[in-house]
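A structural walkthrough
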Amino acid sequence: MRILIAEDESLVRRELEVRLRRWGYEVVVARDGAAAWDALSAEDAPALAILDWMMPELDGIEICRRLRAQPRESYTYTILLTGKDRPEDVIAGLDAGADDYIRKPFDVHELEARLRVGRRIVQLQSELVSARDAMRFQAMHDALTGLPNRRAALDALERELARAARERGCVTVVLADVDHFKRVNDTFGHPTGDAVLRHVADTMRTAVRPYDVVGRFGGEEFLLVLADCDAQCAPRVVERIRDRIAREAVRTEQAIVSVTCSFGLITTGPEGLGSAPALIAAADAALYRAKVEGRNRTVVSQHARPAA
Ligand code: GH3
Ligand code: MG
Ligand code: MG
Ligand code: MG
């Protein structure tokens, strides 16, 4: 684990450095408060810091205050090291945001034990952050395909519409639905159906640009939000995806399955963007027509008033 030693007295600094390295820490050294703050503000800042109270430029107390004042992604566990030993000093140090307090001259065994406490807290905090990140991901992604889920895809559509309004750009909204998917489940079983959905999802995701969004909208339906894709480009992009899905069979352990998809799309024009629900309704109506007209096809919404 990386640890910062901020100490202006070279003897103390040296002793700390030697001991900490012996205990297996990766040590970052600062000779004054400004250097300490730089190290703690860096991208790969150490999660543990031993801060001398009295230092030039910035004292340990002020560093603790600054650390606690700004919202930070990961926690920095701080131990104040000082010759000040009145109870009110200890209280002031802890109130400024220090997690622990060690008086100079320090006892090495006590320091070692207190560092173990710090490591425990840092470890706990990083586990919490990982758990939170995993939950955030799960809340926004579909477990089967790994695609953004309905909510995330709708959020992306709203964001894209806001961007297009600001930049007078356009957005293409696409709804895609796997044709006769029920037959796939009925013929080959649900696990094969799942594999087909994953394959279709992968094909769509890899066929669009990185800043386009492909989300799982529902069972075997997908919502695509194509940024800055105008009425000329949209049908070409969607036809390319449709063609790839129709041509690439899905190989599972049980079977080789071919599926097709139908697509309904609408492109916003500069004269008015329309709300997300209205655009989705229009794309859905176009998708319905694609189904009625024979499936495995792309239909452009009649409501589209593309840019001239
Ligand atoms: P159409 O061409 O009209 O769209 O016909 P379809 O059979 O695809 O449409 P329908 O709505 O009748 O059936 C959709 C099927 O998708 C029914 C449902 O059980 C299946 N399905 C939905 N979600 C999943 C899933 O996560 N995994 C699997 N294997 N099947 C799913
Ligand atoms: Mg000092
Ligand atoms: Mg459907
Ligand atoms: Mg279907």
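Above this note sits the structure.
This section reports on the structure supplied with the text. (Residues numbered from 1 in each chain as written. Chains lettered and ligands numbered in written order. Predicted model: local features only at pLDDT ≥ 70, side-chain atom pairs only at ≥ 80, totals over all residues. Heavy atoms only, no water.)

Spatial ordering of the open sheet is given by β2-β1-β3-β4-β5, a layout of five strands whose pairing is parallel. Across the chains shown, the open sheet's two edge strands, defined by having one partner strand only, are β2 (26–30) and β5 (100–103). The mean inter-strand angle of the sheet, taken between neighbouring strand axes irrespective of direction, is 20°. Bridging between strand β3 (residues 48–52) and strand β4 (residues 77–82) involves five bridges; their strand directions are parallel. Opposite Ile50, over in β4, you have Ile79 as the bridge partner. Sheet strands in contact with helix α3 (residues 60–69) are β3 and β4, and its direction is about 165° off that of β4. (Pairing = 2+ DSSP bridges. Helix = DSSP H or I, 4+ residues; strand = E, 2+ residues; numbered from the N terminus. Axes fitted to C-alpha atoms, helices over the stretch in contact; angles between N-to-C directions. Contact = heavy atoms within 4.5 Å.)

For Gly33, the position within the fold is in helix α2 (residues 33–41). A relative accessible area of 0% places Gly33 in the buried class. Along the chain, Gly33 and Glu62 lie 29 residues apart, while their C-alpha atoms are 8.8 Å from each other. Contacts of Gly33, omitting those with residues within four sequence positions, involve Met55, Pro56, Glu57, Leu58 and Ile63. (Buried < 20%, exposed > 50% of the residue type's maximum accessible area, 1.4 Å probe, protein only.)

Within the protein, Asp177 (OD) and Glu220 (OE) serve as the donor atoms for the magnesium ion (ligand 3), at 2.2 Å. The distance between the magnesium ion (ligand 3) and the magnesium ion (ligand 4) comes to 3.7 Å, and Asp177 binds to both of them. Here Asp177, found in strand β6 (residues 171–178), pairs with Glu220, found in the loop between β7 (213–218) and β8 (221–227); they are 43 residues apart in sequence, far enough to count as distant. On the basis of relative accessible area, Asp177 is assigned to the buried category, the value being 10%. For Glu220, a relative accessible area of 21% corresponds to the partly exposed category. (Donors = N, O, S within 2.8 Å, 3.2 Å for Na, K, Ca; no water.)

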